[in-house]
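Residue-level structural notes
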Protein chains: 2
Amino acid sequence: MKIVVIGANAAGAKAAAKAKRINPKAGITVIDQGSFISYGACGIPYFVADTVRDEKELMSTPVGVVRDPAFFRKVKGVEVITETKAVALDWRNKKVELWTAESGTTSFLDYDRLILATGSSPLVPPLEQCELPGILTVKSMEDATLLKQQAISGKRACVIGAGLIGLETVEALALRGMQVTVVEMCDQVLPGVLDEEMATLLERHIRTHGVQVMTSCRVSGFAGTGHVEKVMTDRGEITADLVVLAVGAKPNVSLARDAGLRIGESGAIAVDDRLRTSVPDIYACGDCCETTSLVTGKSMHVPLGSTANKQGRVAGINAAGGDAVFAGVVGTTIVKVFEFNAGKTGLTELAARAAGYDVETVLSPAPDRAHFYPEAKPIALKLVADRKDGRLLGLQAVGPGAVDKRIDVAATAITFRATAEQISQLDLGYAPPFAAAMDNLIVAADILKNKLSGHARGVSPREVREKMEAEEDFILLDVRSPGEHEATRIAGAKLVPLGVLREKLDSLPKDKEIIAFCKISLRGYEAQKILDAAGFTNVRFMDGGILTWPYELES
Amino acid sequence: MKIVVIGANAAGAKAAAKAKRINPKAGITVIDQGSFISYGACGIPYFVADTVRDEKELMSTPVGVVRDPAFFRKVKGVEVITETKAVALDWRNKKVELWTAESGTTSFLDYDRLILATGSSPLVPPLEQCELPGILTVKSMEDATLLKQQAISGKRACVIGAGLIGLETVEALALRGMQVTVVEMCDQVLPGVLDEEMATLLERHIRTHGVQVMTSCRVSGFAGTGHVEKVMTDRGEITADLVVLAVGAKPNVSLARDAGLRIGESGAIAVDDRLRTSVPDIYACGDCCETTSLVTGKSMHVPLGSTANKQGRVAGINAAGGDAVFAGVVGTTIVKVFEFNAGKTGLTELAARAAGYDVETVLSPAPDRAHFYPEAKPIALKLVADRKDGRLLGLQAVGPGAVDKRIDVAATAITFRATAEQISQLDLGYAPPFAAAMDNLIVAADILKNKLSGHARGVSPREVREKMEAEEDFILLDVRSPGEHEATRIAGAKLVPLGVLREKLDSLPKDKEIIAFCKISLRGYEAQKILDAAGFTNVRFMDGGILTWPYELES
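Here is a short report on the structure shown in this document. (Residues numbered from 1 in each chain as written. Chains lettered and ligands numbered in written order. Predicted model: local features only at pLDDT ≥ 70, side-chain atom pairs only at ≥ 80, totals over all residues. Heavy atoms only, no water.)

**Section: the side chain of K18(A)**
Residue position: K18(A) is located in helix 1 (residues 10-22). Setting aside residues up to four positions removed in sequence, K18(A) forms contacts with R313(A), I317(A), N450(B) and Y525(B). (Helix = DSSP H or I, 4+ residues; strand = E, 2+ residues; numbered from the N terminus. Contact = heavy atoms within 4.5 Å.)

Below, the structure is given as structure tokens:
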């Protein structure tokens, strides 16, 4: 049995090693066009930032052995051929045509089973003078080295794209002392990952590090003599000594497409749940292929190193004669940007509405552990749920605290189609250094239950803002303490601290619209309940309170 | 509608507030025998350590408002009567008899619905001279204050019991500069929470902080003139200026038992899934009542602040006329001890075997994030699964890294009866600052799958040790690098680095028993596969490698 794998990074390397373990008699050859293999591309921003000193660390096992062809031969029993490109695929005759750059020779390799792990490439939009030196992408080890060389303290960098890789690169370049501007076509950072109000929290934090964030800004091209000097946008020119293009990734599918393999609507190679392509005996895994959303059931392209490893295992087992299934993903992403962590699992509110769900949401900011524990740090959660059955569709989390824990718990819960009720009763670990007695996720799920049952009636900060701008006649009721109100407040809000609300009911009109809020809106909700009970007829609370209010505050 | 709640801590306070929100017309009275209410007892060790300076922080809301009777009256609309004990319950006439210590008066309170939230008390075993001054427990604010006063730097403390509260107290007293000895009757720390080999990892760490850990040591009594001076044990006397009893908690059930309410086998008040006791219109919640294990389906008593809050909500809703269910717990506990975190969810191996499961286990130590990320810290995981269907029954985790995240994900997975296959494909958040591309839990689940399918054959460190002690004829094969072997090794192990194993097959006898290991035993497993493929007939690998070897090492 001859198994050929095209691509020796996360998915391909994993598939090859797993296939060999499953079927030790199989001869396994891995072809890669690059000279570096099995490197952790996700680590590049940390190498650029000098958080990781040596590029070898990105290509090593945890005990420091470099994963080079010798390693794969000796340890994994797998032949790796580098600097060789698979240029054509003749699946009727089960042959791959190879071209070796150095020698300029063409050769053919027979296979019984073929695994495509051709990965993805940074999207390079057709912009004017896009080829100028000093305009880089973040993907290969060669990119990494160039980027690290050109990240010179005091110089100006412009990152195009405020997605995951864009923001990681922003941090890296700022840490190297560069003056960084990030330009994003959409009206927020992390489009697709965070809804607008959550993105605002992150954007504010990024600005505190001296980074200029330009959203709703479209790049038209570049200018410079022999090297990039300027980024041209619809909002003016930006001076830049270094430009990083981070506008997305496209799957490398030319080999597959040219051979007639089915390409999915997302543009990536279509596969079934055993990662079989449309052609017998050819599998695909990693960034080059599609996967299924476990939330919506639809195919999508989500290139991630974590998914690549899982798919590589499944493709390797199946190609070697075993039987494994890759179920799909819920859509989890996470990123650290300076001291903030931001993540998402499942669907954003925007995506859920676009998919046709009747959506309920919760905004819930709170400390990530017992509030009296000195290392407690705030995180803001946003839950997105299906009103029909209370099922959690998505979670977003932003803040300096332990965002990753809540994202991973929610990813697990969403995998099992958990409802608000089930999440609110999860037996999560509690001790003051790790969580509050009621974990952030459980508090948020309780609010969700209160909303779904009609006990709690929330209104989003955006809706409040729109009412203010339309000069609607309503009372924005601040139920915090006088001290909190003194420190920061929303202009025009009326202060009636929760502790005296029951005594001061007469100071409020019973039939006027009232929107109560506090710091996080637990007191806001309590105020709604007190006013409801007192016969007020039109009371709601503002989701997330002042902590997730994305607009100006007075202080 | 009159609702009376006995007990104004986590469960009682939550139940009262929730009941009022559900039914604002209900009159709600909470009775508590103490003078401090709604305090975070779990925070006491941090108050003693001075990590939390002011005891008020333990009794405050996150915005600093003290949760005293005035707070409950003004904000929650609930009457709280402190320093008053419920001494008898006449459920036929729906009356509670109260005794107020200060005035020495008896009174009666009628109810329509009664919620028992009487909590738990530290177990005080009948030991000789147990009443000597200087012998304290950790539960009330009065305990906390005494303990903080007596935690004097340079003096000697002896903590009896190496459970969760015992170890938190050990840390607190050591941080205050005391010389601390901890005495535990069982042969390990955290009995019931960790299996032996996992407990050893934690115990080693505790010793590095100068704490004397005495396991398998039984206390018979105390000695001293006017104040404790000595702890008498079956392993000799221990000098102590301060003794802390932390041998467990017993539910406060005398009021319920005297009134004839059904008490469960665990000794706590029996309740159904709506937290109804055996008597109509009486509910129980929190530390005083039982709950159901979602793993085994059996009733148990697990007093925890997290569960108390969830149960309080359910009891409050039901008492107020709503309908809510408390499903049960999977059995999650977590503790920080110095720089180590240790946690458990579901069943330990010991508990799973005792419950009759056919058990498979995995020991898997690894960095908690990308190994090249500088803040990566090791954690060791132990999975316990049902061989019949691959369902995860339990996870234990120990180490300086993010133990809590993996415990919470596993708690969620166990709630939904997840299998190794499902856990191995969880779409957990990946970026180098948060996890490796393959999260620790996914790596461990993959090993579990390999074991369940027969591909991987593990042997526990204990079994290896027993073979060594019995002088059995087998090869303990160290497949690490020469450098790693030079630094630390298991006595008697034979070194054949994985990278040269394929070349050196002739140096090993084909039919002799071989047990391969490395640092974490991923290479150990690879060695097993290489030797299997080469026709060796009796090869296994040692679970967890040298990192979870709990016995001596040479260096």
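**Some points on the relation of the copies chain B and chain A**
You can overlay chain B on chain A at an RMSD of 0.0 Å; the transform is a turn of 180° with a shift of 0.0 Å along its axis. The operation mapping one copy onto its partner corresponds to a two-fold rotation axis. A high fraction, 100%, of the interface residues of chain B reappear at the interface in chain A, so the copies pair face to face through one surface. (Least-squares fit on C-alpha atoms with pLDDT ≥ 70 in both.)

**As for the state of the cysteines**
Summed over all chains, the structure comprises zero disulfides over all chains. Free of any disulfide, C285(A) has its nearest cysteine sulfur in C288(A), 6.4 Å distant. (Disulfide = S-S within 2.5 Å.)

**Let's talk about the sheet that holds strand 18 (residues 282-284) of chain A**
Residues and elements named next belong to chain A. As summarised here, the arrangement of the five strands in space is 3-2-1-7-18, forming an open sheet in which the pairing is parallel. Two strands in the sheet have a free side with no partner beyond their single neighbour: strand 3 (79-81) and strand 18. Pairs of neighbouring strands in the sheet enclose a mean axial angle of 20°, with direction left out of account. Alignment of strand 1 (residues 2-6) against strand 2 (residues 27-31), held across five bridges, turns out to be parallel. Pairing of K2 across the sheet is with G27, part of strand 2. Running at roughly 175° to strand 2, helix 1 makes contact with strand 1, strand 2 and strand 7 (113-116) of the sheet. (Pairing = 2+ DSSP bridges. Axes fitted to C-alpha atoms, helices over the stretch in contact; angles between N-to-C directions.)

**Section: the interface of chain B and chain A**
If you look at the interface, chain B gives 88 residues, while chain A gives 88 residues. Carbon and sulfur atoms make up 61% of the surface buried where chain B meets chain A, a total of about 7500 Å² over both sides. In this structure, the connection of chain B to chain A is made through ten salt bridges. Applying the counting rule to chain B against chain A returns 34 residue pairs in polar contact (both at pLDDT 80 or more). Looking at the side of chain B that touches chain A, the element that brings in the most residues is helix 10 (residues 403-415) of chain B, giving eight residues. Residue classes in the side of chain B that touches chain A are distributed as 39 nonpolar, 23 polar and 26 charged. (Buried area = accessible area lost by both parts, 1.4 Å probe. Salt bridge = Lys/Arg side-chain N within 4 Å of Asp/Glu carboxyl O. Polar contact = N/O pair within 3.5 Å; in protein donor to acceptor, adjacent residues only side chain to side chain. Nonpolar A, V, L, I, M, F, W, Y, C, P; charged D, E, K, R; others polar.)

**A closer look at the packing of helix 1 (residues 10-22) of chain B against helix 8 (residues 305-319) of chain B**
Residue and element names in this part refer to chain B. Between helix 1 and helix 8, the shortest axis-to-axis distance is 7 Å and the interhelical angle comes to 35°. Pair helix 1 / helix 8 crosses with right-handed handedness. Along the contact surface, helix 1 presents A10, A11, K14, A15, K18, A19 and I22, while helix 8 presents A308, N309, G312, R313, G316 and I317. (Left-handed = near helix turned anticlockwise from the far one by under 90°.)

**Some thoughts on the packing of aromatic side chains**
By the definition in use, this model includes nine aromatic pairs over all chains. Seen in terms of ring centroids, F71(A) and F72(A) are 5.4 Å apart; in terms of plane orientation they differ by 85°. Their pairing is edge-to-face. Judged by relative accessible area, F71(A) falls into the buried class, the value being 12%. Judged by relative accessible area, F72(A) falls into the buried class, the value being 5%. One Lys or Arg, K467(A), reaches over the ring of F474(A) and ends 5.8 Å from the middle of that ring. Above the face of the Y551(B) ring, R465(B) is positioned so that its terminal group lies 4.8 Å from the ring centre. (Phe/Tyr/Trp six-rings, centres within 6.5 Å; stacked < 30°, edge-to-face > 60°. Buried < 20%, exposed > 50% of the residue type's maximum accessible area, 1.4 Å probe, protein only. Lys NZ or Arg CZ within 6 Å of the ring centre and 35° of its normal.)

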